Amino acid sequence: MNPLLRWAAALAAAALTTGCSLIGSSGEDTAARTVTLVAHDSFVADPALLADFEKRSGIHLEIRNSGDAGELTNKLALSKAAPLGDVAYGVDSTFASRALRADVFAPYRPAAADRGPQRYAQDQQNRLTAVDVADVCLNIDTAWFAAHRLPEPTTLRDLTDPRYRDLTSMPDPTTSSPGLAFLLGTIDAFGEPGWQDYWRALDANGVRLSSGWEEAYNQDFSGSTGQGPRPIVLSYASSPAAEVDENGAPRTKALLDTCYRQVEYAGVLTGAKDPQAAREVVDFLLSSEFQGQVADQMYVYPAVDGVPLPEGWAASAPLPPRPAELPADEVENNRDRWVEQWRTLVRG
């Protein structure tokens, strides 16, 4: 998610891994405690910040990237008996209930949890702590609509209007976390079975489905650097902050009435080798230093209150005031059924 989007974040992940290895690679402190942070592929942080944390804490931080949010969650559940690491970051609100049901996280409530993350708590045992917010929204290329003298769409329903035929691209809900978030948003908006009627109309109006966000945004969307053919894409509320002209004015816009709230969490894994060190890493993820760079590094909004956003975000990438959101237990109880229904409906 980003104006250098998660796409750029993924490219930076390799550099991140190198940046996290300062203590171990120097050979100066082989006795340092080691914490393995299992994260989704889009996790990225300022290498200097990570190096400073390692130096101050004496904790050697190993980063292990493990796919997108859904893949990460599945891996954590399947490896519970032999955990992949000590801390996990990147399980999002569409998959959090699955991770909690698998009981892969140990209870831990950081002191900073009371300064914002508590709003997104998933259970009373405090097994997951919100680190960032990344609402999924439709984005449009405003210049394209001006050039074609076509009114900008504003709602989910607009996408089924014949005026917007063959203009929309989005990732497949069965293979993409933002795609799944959009599906949940339509279920919240139209209920059952209304969401299925909506998707029939959306499919008939030429929506293009790709396997992942990168293809939809970087290849299909006319407002991205890829300059694809379609001016409507499913991305994030923060994406327009990356698409600004030489004067700092945004060239794209998120449609704030189409957003679904997506929160990303971290937690100490059950079976962590050094639980205290793992807790210190979770504390670090909520620190003002780490929270202060998540917008620049990952194009997400910090979960902790009072952390300033980059200049220009207030105008180009405001956080949606009323995003759609389904209760976690409702998602957990119905997600597989909804996905299968969608697959039958759209894929046949």
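For the structure, check the block above.
Residues numbered from 1 in each chain as written. Predicted model: local features only at pLDDT ≥ 70, side-chain atom pairs only at ≥ 80, totals over all residues. Heavy atoms only, no water.

(A) View of the packing of aromatic side chains. Evaluation of the coordinates by the stated rule reveals 14 aromatic pairs. A ring pair is formed by Phe53 and Phe284, whose centres lie 4.2 Å apart and whose planes are at 20 degrees; its orientation type is stacked. On the criterion of sequence distance, the pair formed by Phe53 in helix α3 (residues 47-57) and Phe284 in helix α10 (residues 275-285) is long-range, its members being 231 residues apart. The residues Phe53 and Phe284 share a single accessibility class, namely buried. (Phe/Tyr/Trp six-rings, centres within 6.5 Å; stacked < 30°, edge-to-face > 60°. Helix = DSSP H or I, 4+ residues; strand = E, 2+ residues; numbered from the N terminus. Buried < 20%, exposed > 50% of the residue type's maximum accessible area, 1.4 Å probe, protein only.)

(B) Up close: the pairing of strand β6 (residues 168-171). In β6, alternate side chains face the same way, and those of Thr168 and Met170 on one face and Ser169 and Pro171 on the other are all buried. Inspection of the sheet shows β6 paired to strand β7 (residues 208-210) by three bridges, in the parallel sense. In the strand pairing of β7, Ser169 is matched with Arg208. (Pairing = 2+ DSSP bridges.)

(C) Broad picture of the state of the cysteines. For the coordinates displayed, the defined rule picks out one disulfide. Between Cys137 and Cys259 runs a disulfide, and the two sulfur atoms are separated by 2.0 Å. Given an S-S torsion of about 115 degrees, the disulfide between Cys137 and Cys259 has right-handed geometry. Of this pair, Cys137 sits in strand β5 (residues 136-141) while Cys259 sits in the loop between β9 (252-254) and β10 (263-268), and the two are 122 residues apart along the sequence. In terms of burial, Cys137 and Cys259 fall into one category: buried. (Disulfide = S-S within 2.5 Å.)

(D) Up close: the sheet that holds β10. What the six strands build is an open sheet, ordered β2-β1-β3-β10-β4-β11; its pairing is mixed. Here the strands that pair on one side only, and so sit at the sheet edges, are β2 (59-65) and β11 (301-302). Pairing between strand β1 (residues 33-39) and strand β3 (residues 87-92): three bridges, direction parallel. Bridging across to β3, Leu37 finds its partner in Val87.

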